[in-house]
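Spelled out from the first residue to the last, the chains are:
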Amino acid sequence: SFCTLLGGGREGATMEKLTERGAMDLILYYGREGLVRHMQDTAQEVLQQVGEHPVFRFWRGFALALQDNHTEAVRDYAAADGRREIQIAVIAAHIHSLQSQRQIDQGAIDELETRLMVEEKSAIPGAWLQLSAFHWLLGDHVKSREYCQKASGPDDFINHLSLLGWINLTSRRSAFVEKSITNFDKAVDESQGGVANHVDALLGKAAFLDQKKNYSASVHILNELIASCSKTAEILNPIQIEKAKILIKRGQWDQAADTVQRILNKDPSNVQGLMLINLYLLVEECKHSVSATNIRELHKALETTEPRTHRLYVYISKTLSRLSGGAMSILQHTQLMVSKASDLQPKNAEYISEKAYQLSLAGEWVKALETYKQALEVDDGNLGALHGIIRSQLMLGKLEEAELQLEFLNRMQIERPAELCYLVAVMKWRKHKDQQGSIASLDEAVSIHSKSCTGVPSYEFFEAFNPQLLLAIIREYQQHCPTEPLSSTDPPSQVATKARKPLELLVKHIKGSLEGQLLLARIDFIQNDLEKAQYSINSCIRADPAFAEAHLLAAQIAFHQENFSQAQQALEQSTTEFEVRDWPQYNLLKARVAVAVGKYDEGLKDLEHALALTKHIVQGKRYRPLNVQDHVAIYLELAQVQLKLKNQATAEITISDAHVLFRGTPEEGRVVIAQAMIISKKDVEKGLSMLRSVTMDSPYFLKAKAYMANIYLNVRNNKRAFAKCYEELVEAFPTVGSYVFLGEAYMSIQEPEKAIEAFEKARAMDPNDAEMASKIGMAFVTTHDYQKAIQYYKNAVKAEPNKLGLRHDLANLYWRLGQYADAEEELQNSLQKKEKSNSSEDLQSIIDDVRTMLLLAKVYKSSGDQKKTSEALIQARVFQTTVIAKVRGEQPDLVRQQKIIGANICVELGEYYRKQKMPDKAVTFHNEALKQDETHARSMLALAKLYRDKGELEGCEHQAHSLLRVDPTNEEASMMLADLMCRKNKYDDATYHFQQLLEKKPNNYDALVMFIQLLRRAGRLFDAPKFLQAAEPTTKRHEQGLHYAKGLYYRYTCNPREALREFQKGRHPKDSPWSEKCTCNMIEIYLNPDSESNWTADSEGEQERPDLSENIGWALKLLKDVHDVEKRRILEAYIRIAKRRKDDLDIAFQTLHEVMMGQGGEGGQQQFPNDKINVPCIVAMATALQVMNQTPKARTHLKRVVKAPYNQDEAEEFERAWLLLADIHIAGGKYDLAQDLLRKCLQANKSCCRAWEYMGVVYEKEQSYRDAADCYENAWRLVNESDPGIGYKLAFNYLKAKRFVNAIDITQKVLSNHPQYPKIRKDILDKARASLKP
């Protein structure tokens, strides 16, 4: 259909919806865009619809000519000849076709030119406009403007004002560009004879605003056009395409992608849509595999809709290949495109050179070199081919040939392009080892490239930007960078800083550049920001799991974090590209990992292989980049391994070889230091002498001094000589950095007074360095002279009130000292000062506000003021949202850093609402944190716990698995999965998870404790002893965590004596996290040693049980060691309840009421909203009420707990509430309600013996003795057959169920442990025996 040919694809669209003028506008639009087959098809469709038409016959012929089909073009020109409205354009086009053919018929051309001169004299306005449009699309703006101005009257096809506007706009001369908007405005001004909704003129107006970067106004015009043309499918798509292009320029990639996708949904072969969607995928999304599929579709669409438009093939393939990141899945399609163009134009040197360039991007340097030579045979002046030949020779190690070519090219070119500067830099380093000269040429290349690549995102911009060239420059910079993270004794790497500038430029424009992210991660790694480097590398690996260099850097990071197993795994993954095994860097790192785990022989073999590979490179074989620092490191690591294998002589030879090889280079100092460290092991003085030989002009002078200082301090224990090394450093280089090193040295030998003096000298040299003032303040804190530290900070703040960091340090010091009011005052003052100064809301100012509010939240939290804590966090979140909005579009690492801060704020708010018993709000904030940082481990763990407590097990499992994908070693996530397995009755799976954890780390007491709790809930406590026993051999010393785990086990198995013994051992020392847990458990055991129901009213009224009086005394003593205020007050209430005196019960109830209302605690703020409940407090109040015989009130309180969402952290309190309410229901004869509660209790804890006991009571009252016996049997087993009361009930129900032998067995067990237990002999034993007699 017509609309399909136009790229419209809307159902039901017919030709009647598009006028002939509209068709002409489309032809001109496609001509501007280079879609010449679309021009042909549009003209052809008009001819089919309306019959023979000279204007559209001419434009069809012109489109054919642009596709090099001049024979057919001339036929169409002949058919259109003789009509006044097109005559002169036909003659001019005929001349163009004759001039474009290989054999030029000059006679025919002369004849036509004479005829043209004659016809021009009588040409009508429309003819001039057609001729003007023809010359404009050929790129001749001078002639097209001249002819357009001759057209004074109207035309049925082309609006002369609109055409003139386009000619002026595309002329690239500012004076004419400014005139274009006047032309377009007149074209749509009805008062001046214009047409209000003239599509071509409005598109021109939008294009003008686009050039002026007034994108909002441009999009507004296009939106109005879309609305007015919504029923004209043929013209709608081009307008939407133009809108998408402008959205891309505005940085609104997602909106642009949505716009394009709507087009592609209706017309999957829309060339322009496919071009833009591929740009989006490569620049923004970094989805090479998806893009490869779309590029294949684009190639197929080109073959169908533009089969002979060679310029379009090259235009597209150039940009996409430069954005490919070297991905072969993309390059194979772009190579096919450029090959197609080259086949259509076999003598076009530009196309052949581009074909060679894409071969070089694929690493096929030999083929690339041959193809470049073919381009030169066609055009010996093609600079792209000359550059390509030199680069190919350099990459193939043909340095002599490359140098000759480079010298010729340098002489030939006056203005050196960036690529030539890059080639000069490579040559200076590869052949002449001129490091400074190479770096200077790279600087020049970056400067030239940065100046020439200004613009906004588009195909043209990315072709000129050429990220592949920029990446090559950056890689060359990194040849001169360190390869290991810089230590405090290393001078900052100037080259790394230089390399960061073009890298940030690259990542700014192409967020999806994997190689750019890798190189930026490498710079972060060098500058010792391992966390940022790891994040970038993880992003690369997620995008492309087969990215070998990313895995190699991941291995380096893991190695420096001493995670050797992960380093080994990353190394194995890097070998997916087999040639990686022949990289010296790979073998060096592989050897380091092997040595780190004690495999010295394997490390020696890898290092020898690496050394052999470096020699091959030096000898001129195929080039593989090797940093000089890595080259030196191979020798030094080899010597170290030889020493470990006791090959002292061989090690010394290796170091001597290195000394010879690197003599006179900046790396000589590094080799000397290594020699000195080897020699100092047997001759300390000689080693020190060698270190002294490192001269001041060496970049390793500082490191040599640091090693000397280390020997003096750790070998000779001479602190004075240690400090002297840094004092000499200051004398040689009296810089800020030297004084800082001296101050830190003094701090390391506990001489803070001298450190302060050194820091103050450094600050005097750089008064604006607020960090230095912080160092001085911290030095005062180290002396424990807190008042002096506070006074120093106050004076510093007074002298420099605008240094917010100093105010923060002072507030932080107040907070550390517990002076919360002073900390709050200082922070509030900083906020007020900012308001008074009316400081602008710039980015840094808002970031400072965030820091202030977070510090305030920390102060309020420590002071117990929960309400103000939440208010400060919410305000911090508001500020941080503004920060994130402002940094959007900046460097990815800055955006990520701010998003992490935002995520942390959301996590704090989520934790606040969780504690406030508002789980839905907590979930909302934790989900918001994950939107900010999808790998935020704390949020995932918190969400998993919240979902678990809400009973949403699928959500919990999803979050736990997500967390393990981010952090496979996360123990809490593994424990969470084990918990879920238990809840699903998959005990073998749960045990497997814990076994995995405990086999790796038997003394992981958090996991052990949780496992015991899970076994208890699963009713499988009998599995616990073997795990407790497995933890024993690792505990040669007192281990509180193990004692706590054992105490829990004994408590759960009704062995209070052993439980108390273990908890008592676990209480000391009292500053450990286990101490308070042990103390609380001991108090609970003392108050209820037999785990009985302690809520029944005492028959003696106000008398406490005599057997508990001593226990209560011990509980009161232990209560002093409970530091959690709320927990302490609730336990205190239970102690008073245990006394069972009316005044104590009243006091207990009043205490619990105050806790409920948040009174009497620290901070004085209400802890729980009225619609939320404090479960531990409610249960304690219900217990007190039940003891006071106020059962209805107790029942009312307990119903609130039953309705509350279950919380795993308060599992014991929920269980106690369910049992107490079930007991009340049983007493009231409401057995169904009681059974529901008991089932809920058993679902949460299958080891709850009291639940089984009460279930037995219910069945017994219903005279279902067999069921009752089964329940009592479970309870009897769970108390380890130690509770005579349960034994009596079990025996009685066995008797009633006529299981006389079982009744006798249980009775005898009870009597063996409790001989005087009342009634059991007479009521059960004798009757059972009698029943057995015949």
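Because the structure is a prediction, the values reported are computed rather than measured.

## What to know about the overall build of the protein
Inference 1: Across its full length, the protein holds 71 helices and zero strands.
Inference 2: For the C-alpha atoms alone, the extent of the protein along its principal axes is close to 140 × 90 × 75 Å.
Inference 3: In the protein, which comprises 1334 residues, the proportion classed as buried is 55%.
Inference 4: Here the contacts in the protein between residues at least 6 apart in sequence split such that 59% fall between residues at least 24 apart.

## A closer look at the nonpolar core
Inference 1: Counting 177 residues, the largest nonpolar core has M39, F58, W59, I239, L298, I316 and Y422 as the members making the most contacts within it.
Inference 2: With near-sequence residues (within four places) excluded, I239 lies in contact with V199, L203, L222, L225, I226 and C229.
Inference 3: If you look at the next biggest cluster of nonpolar residues, it comprises 169 residues, including A1007, W1074, C1177 and L1237.

## What about the packing of aromatic side chains?
Inference 1: Taken as a whole and judged by the stated rule, the model has 26 aromatic pairs.
Inference 2: A centroid spacing of 5.7 Å and a plane angle of 75 degrees characterise the contact between W59 and F62, whose relative ring orientation is edge-to-face. With W59 and F62 both in helix α4 (residues 54-66) and three residues apart, this pair spans about one turn of that helix.
Inference 3: The buried category is assigned to W59, whose relative accessible area is 0%.
Inference 4: Note on Y1044 and F1063: the rings are 5.8 Å apart at their centroids and 50 degrees apart in plane angle, and the pair reads as tilted. On the criterion of sequence distance, the pair formed by Y1044 in helix α57 (residues 1040-1052) and F1063 in helix α58 (residues 1056-1066) is long-range, its members being 19 residues apart. Take Y1044 and F1063: they sit in the same class, and that class is buried.
Inference 5: Taken together, the ring pairs connect F58, W59, F62, Y77 and F134 into an aromatic cluster.
Inference 6: Here R32 stacks its cationic end above the ring of W166, 3.7 Å away from the centre of that ring.
Inference 7: The ring of W1114 has K1117 sitting right over it, with the charged end atom 4.8 Å from the ring centre.

## Overview of helix α65 (residues 1211-1227)
Inference 1: Here α65 is 17 residues long and its end C-alpha atoms lie 24 Å apart, about the 24 Å a rise of 1.5 Å per residue gives.
Inference 2: Counting buried residues along α65, 14 of its 17 residues qualify, which places the element largely inside the surrounding structure.
Inference 3: Looking one or two residues beyond α65, the residue adopting positive phi is G1229, at roughly 80 degrees.

## Considering the packing of helix α56 (residues 1024-1031) against α57
Inference 1: The geometry of α56 relative to α57 is characterised by a closest axis approach of 11 Å and an angle of 165 degrees between their N-to-C directions. With respect to α57, the element α56 is oriented roughly antiparallel. In the crossing of α56 with α57, the sense of the turn from one axis to the other is left-handed. Contacts from A1024, P1025, L1028 and A1031 of α56 reach α57 at L1042, A1045, K1046 and Y1049.
Inference 2: Of the residues belonging to the contact of α56 with α57, the class tally is seven nonpolar, no polar and one charged.

## Points about the environment of S289
Inference 1: Relative to the assigned elements, S289 resides in helix α17 (residues 288-305).
Inference 2: Overall, the relative accessible area of 55% leaves S289 in the exposed class.
Inference 3: Each C-alpha atom of the pair S289 and V1279 lies 62 Å from the other, and the pair is 990 residues apart in sequence.

## Some remarks on the pattern of salt bridges
Side-chain pairing between opposite charges can occur once the charged atoms of the two side chains come close.
Inference 1: Under the definition given, this model contains 64 salt bridges.
Inference 2: One salt bridge connects D1121 with R1067, and the closest N-O pair in it is separated by 2.3 Å. With a gap of 54 residues between them, D1121 in the loop between α60 (1109-1119) and α61 (1125-1139) and R1067 in the loop between α58 and α59 (1073-1087) connect regions that are remote in the sequence.
Inference 3: Judged by its relative accessible area of 18%, D1121 falls in the buried class.
Inference 4: Residue R1250 is joined to D1283 by a salt bridge in which the shortest nitrogen-to-oxygen separation is 3.1 Å. Of this pair, R1250 sits in helix α67 (residues 1249-1261) while D1283 sits in the loop between α68 (1265-1278) and α69 (1284-1296), and the two are 33 residues apart along the sequence.
Inference 5: For R1250, a relative accessible area of 9% gives the class buried.
Inference 6: Since its relative accessible area comes to 13%, D1283 is described here as buried.
Inference 7: Salt bridges sharing common partners tie together E52, R57, R60 and D76.

## Here we look at a negative patch on the surface
Inference 1: Together, D1232, E1262, D1267, D1270 and E1273 give the surface a local cluster of negative charge.
Inference 2: Element by element, the count of residues in the negative patch is highest for α68, at three residues.
Inference 3: Among the structural elements, E1273 can be located in helix α68.

## Some thoughts on the packing of helix α18 (residues 310-322) against helix α20 (residues 349-361)
Inference 1: In the contact formed by α18 and α20, the axes pass within 11 Å of each other and the chain directions differ by 25 degrees. On the basis of the axis angle, α18 is roughly parallel to α20. Judged by the sense of rotation from one axis to the other, the crossing of α18 with α20 is left-handed. Seen from α18, the contacting residues are H310, R311, V314, S317, K318, S321 and R322; seen from α20, they are E350, Y351, E354, Y357, Q358 and L361.
Inference 2: By residue class, the composition of the contact of α18 with α20 is four nonpolar, four polar and five charged.

## Considering unusual backbone geometry
Inference 1: Omega for the bond connecting H1068 with P1069 falls within 30 degrees of zero, at 0 degrees, which places this linkage in the cis form.
Inference 2: For P1069, the position within the fold is in the loop between α58 and α59.
Inference 3: For N528, which is not a glycine, the phi torsion comes out positive at approximately 70 degrees.
Inference 4: Mapped onto the fold, N528 is located in the loop between α29 (514-526) and α30 (530-543).
Inference 5: Positive phi outside glycine occurs at K917, with the angle close to 60 degrees.
Inference 6: Within the secondary structure, K917 sits in the loop between α49 (892-915) and α50 (919-932).
Inference 7: When its relative accessible area of 18% is taken as the criterion, K917 is described as buried.

## Quick word on the state of the cysteines
Inference 1: In the structure shown here, the tally under the stated rule is zero disulfides.
Inference 2: The thiol of C1249 is not disulfide-bonded; the next cysteine sulfur, from C1054, is found 4.8 Å away.

## Section: a nonpolar patch on the surface
Inference 1: A surface patch of nonpolar side chains, about 250 Å² in accessible area, is lined by L383, F408 and M412.
Inference 2: Structurally, F408 can be placed in helix α23 (residues 399-412).

## Remarks on the environment of T42
Inference 1: By secondary structure assignment, the location of T42 is in helix α3 (residues 36-50).
Inference 2: Taking C-alpha positions, T42 is 9.9 Å from E234, a pair spaced 192 residues apart along the chain.

## As for the confidence of the model for the protein
Inference 1: Scored by pLDDT, the protein comes out at a mean of 84, with 90% of its residues at no less than 70.
Inference 2: Note that residues 617-623 has pLDDT below 50 and, in this model, 17 contacts with residues that lie over four places away or in other chains.
Inference 3: Under a pLDDT of 50 for its full length, residues 1098-1103 has, in the predicted model, ten contacts with residues more than four places off or in other chains.

Conventions and cut-offs
- Residues numbered from 1 in each chain as written.
- Predicted model: local features only at pLDDT ≥ 70, side-chain atom pairs only at ≥ 80, totals over all residues.
- Heavy atoms only, no water.
- Helix = DSSP H or I, 4+ residues; strand = E, 2+ residues; numbered from the N terminus.
- Buried < 20%, exposed > 50% of the residue type's maximum accessible area, 1.4 Å probe, protein only.
- Contact = heavy atoms within 4.5 Å.
- Core = buried A, V, L, I, M, F, W, Y, C linked by side-chain atoms within 4.5 Å.
- Phe/Tyr/Trp six-rings, centres within 6.5 Å; stacked < 30°, edge-to-face > 60°.
- Lys NZ or Arg CZ within 6 Å of the ring centre and 35° of its normal.
- Expected span 1.5 Å × (residues − 1).
- Axes fitted to C-alpha atoms, helices over the stretch in contact; angles between N-to-C directions.
- Parallel < 35°, antiparallel > 145°, perpendicular 65-115°, else oblique.
- Left-handed = near helix turned anticlockwise from the far one by under 90°.
- Nonpolar A, V, L, I, M, F, W, Y, C, P; charged D, E, K, R; others polar.
- Salt bridge = Lys/Arg side-chain N within 4 Å of Asp/Glu carboxyl O.
- Patch = residues over 30% accessible without salt bridge, like charges linked within 9 Å, V, L, I, M, F, W, Y side chains within 5 Å.
- Areas by Shrake-Rupley, 256 points an atom, 1.4 Å probe, with all protein chains shown as cover.
- Lys, Arg positive; Asp, Glu negative; His and termini not counted.
- Charge placed at Lys NZ, Arg CZ, Asp CG, Glu CD.
- Disulfide = S-S within 2.5 Å.
- pLDDT = per-residue confidence, 0-100.

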